[in-house]
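What the coordinates show
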Amino acid sequence: MRTTTSRTVSRTVQLLIALGLLTAGCGGADTSGSGKPDPAPDTRPRALKVAKAWDGSPAADTWREGYYPMGDPVQLPEDAFHNDADKEAYITQNFVLRGDLPKSPQKDAKVTWRDGDSLTLPLMGARAAYEKLGGDNGSGPRLTVTGAKLGETTLATSRGPATVPAWLFTIEGYDTPLKRVALSSSKQPKPPIGPADSVSSELWDLDKLVEVSADGRSVTVLAHHGACDDGPAVDVLETDGSVVLSGYMVGTRDGVCTLQLLSKKVKVALDRPLGDRVLLDAFTGAPVHGAE
């Protein structure tokens, strides 16, 4: 499950204060007195700055040479889930271990791309991978892990599909394993541009990348929004070297407003396949990628 960082909470508080959403009414974003929500922000200037900073930069070269997952590191059993309790256990990351986990047979492992390129990275142990799933996480429905073995799977990355090592966890009641990628991503390059101003900017940082379509013509991201709006929207700016996504909220409504940080999936269509272009968040100025 995603944990909200103190930076994100602070950013949310600043945004809600700036938009007037910590008042008794949620319509504080409207300063015209018309009762209508403010128009969508002009995201292009900031997106252009981010694209210009990244295109042709050493950071972009580092990104293209590394291993950065663009898909979910967990692949469910083929027949998941048998019931709502099992689904709840997975969503709440509640597992229980009823068996032994093997020790890693080696310290390093390779990720291999379709063009033959490969990269050697430290191998994540079975215990660490199990804890990434959630481990023994309290009361409520649980999925029971009875063992694991090292195998491999295919995962979308910033350099296209790759074959990566994965721990294959045996789940009680399921015929096929739950796969958890056994590599962590390469070290992130330092962005060549800083984040947008957290108070004056109308942009919101994106939560994470959910999926890149098989043909690369669309990406789905989790975008942040608050409790007093109609949800998030995401603009896109494409260049030869990058794709910059600008997240913001749309609409407000009257009434009592609570301070909440919410996320919603937004699918963004691209003019051409993503390819090896860097997918960037306009607010942070940093790459958008999937869960570790």
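Just so you know, these numbers come straight off a predicted model, no measurement behind them.

As for the sheet that holds strand β10 (residues 232-238)
Spatial ordering of the open sheet is given by β10-β11-β13, a layout of 3 strands whose pairing is mixed. What marks the edges here is a single partner per strand, and that holds for β10 and β13 (278-281). Strand-to-strand, the axes of this sheet are offset by a mean angle of 25°, without reference to chain direction. As defined by bridge partners, strand β11 (residues 242-249) adjoins β13 across 4 bridges and the pair is classed as parallel.

Re the sheet that holds strand β8 (residues 206-212)
Read from one edge of the open sheet, 3 strands run β8-β9-β12, paired in antiparallel fashion. Because the sheet does not close on itself, it has two edges, and the strands there are β8 and β12 (262-269). Adjacent strand axes in the sheet meet at a mean angle of 25°, parallel and antiparallel pairs treated alike. Pairing of strand β9 (residues 218-225) with β12, which is carried by 8 bridges, proceeds in the antiparallel orientation. If you follow L222 over to β12, its bridge partner there is K265.

A word on the confidence of the model for the chain
On average, residues of the chain carry a pLDDT of 85, and 84% of them reach 70 or more. Here residues 1-34 is modelled with pLDDT under 50, and outside its nearest four sequence neighbours on either side it reaches 67 contacts, counting other chains as well.

Description of the nonpolar core
Soluble globular proteins tend to bury their nonpolar side chains together. Counting 33 residues, the largest nonpolar core has V219, L245 and L279 as the members making the most contacts within it. Those elements that provide at least two residues to this core are α2 (44-54), α3 (58-65), β8, β9, β10, β11, β12 and β13. Ranked by residue count, the leading element in this core is α2, at 4 residues. In this view, L245 contacts L206, V219, V221, V234, D235, V236, V268, L279, L280, D281 and A282; residues no more than four positions away in its chain are not counted.

With respect to the environment of S198
Of note, S198 is situated in the loop between β7 (178-181) and β8. Of the residues examined, S198 reaches a relative accessible area of 22% and is grouped as partly exposed. C-alpha of S198 to C-alpha of F283: the two residues are 85 residues apart in sequence and 8.5 Å apart in space.

Focus: the pattern of salt bridges
Here the structure, examined in full by the defined rule, presents 4 salt bridges. Note that R64 is salt-bridged to D276, the shortest N-O span being 4.0 Å. With R64 in helix α3 and D276 in the loop between β12 and β13, this residue pair connects regions lying 212 residues apart in the sequence. On the basis of relative accessibility, which here comes to 25%, the residue R64 falls in the partly exposed class. Between R277 and E238 there is a salt bridge, with the nearest N and O atoms lying 3.1 Å from each other. Here E238 lies in strand β10 and R277 lies in the loop between β12 and β13, a separation of 39 residues in the sequence.

Topic: the packing of aromatic side chains
Evaluation of the coordinates by the stated rule reveals 3 aromatic pairs. Here W63 and Y68 contribute two aromatic rings whose centre-to-centre distance is 4.0 Å and whose plane-to-plane angle is 10°, an arrangement assigned as stacked. Residue W63 shares its accessibility class with Y68, and that shared class is buried. With a centroid separation of 5.6 Å and 40° between ring planes, the pair formed by F81 and Y90 is classed as tilted.

Description of unusual backbone geometry
For the bond running from A80 to F81, omega is 0°, close enough to zero to count as cis. Mapped onto the fold, F81 is located in the loop between β1 (74-75) and α4 (84-91). Unusually for a residue other than glycine, Q93 sits at a positive phi of about 55°. Residue placement: Q93 occurs in the loop between α4 and β2 (95-97).

Quick look at the pairing of β9
A regular strand places its side chains on the two faces of the sheet in alternate fashion. With respect to burial, β9 is a largely interior element, 8 of its 8 residues being buried. Along β9, one buried face is formed by S218, T220, L222 and H224 and the opposite face, lined by V219, V221, A223 and H225, is buried too. Sheet topology places β8 next to β9; 5 bridges connect them, and they run antiparallel. Its bridge partner being in β9, V212 is matched across the sheet by V219. Hairpin connection, β8 to β9: the antiparallel pair is bridged by 5 residues, and G216 has positive phi, about 75°.

Rules used in this analysis
- Residues numbered from 1 in each chain as written.
- Predicted model: local features only at pLDDT ≥ 70, side-chain atom pairs only at ≥ 80, totals over all residues.
- Heavy atoms only, no water.
- Pairing = 2+ DSSP bridges.
- Helix = DSSP H or I, 4+ residues; strand = E, 2+ residues; numbered from the N terminus.
- Axes fitted to C-alpha atoms, helices over the stretch in contact; angles between N-to-C directions.
- pLDDT = per-residue confidence, 0-100.
- Contact = heavy atoms within 4.5 Å.
- Core = buried A, V, L, I, M, F, W, Y, C linked by side-chain atoms within 4.5 Å.
- Buried < 20%, exposed > 50% of the residue type's maximum accessible area, 1.4 Å probe, protein only.
- Salt bridge = Lys/Arg side-chain N within 4 Å of Asp/Glu carboxyl O.
- Phe/Tyr/Trp six-rings, centres within 6.5 Å; stacked < 30°, edge-to-face > 60°.

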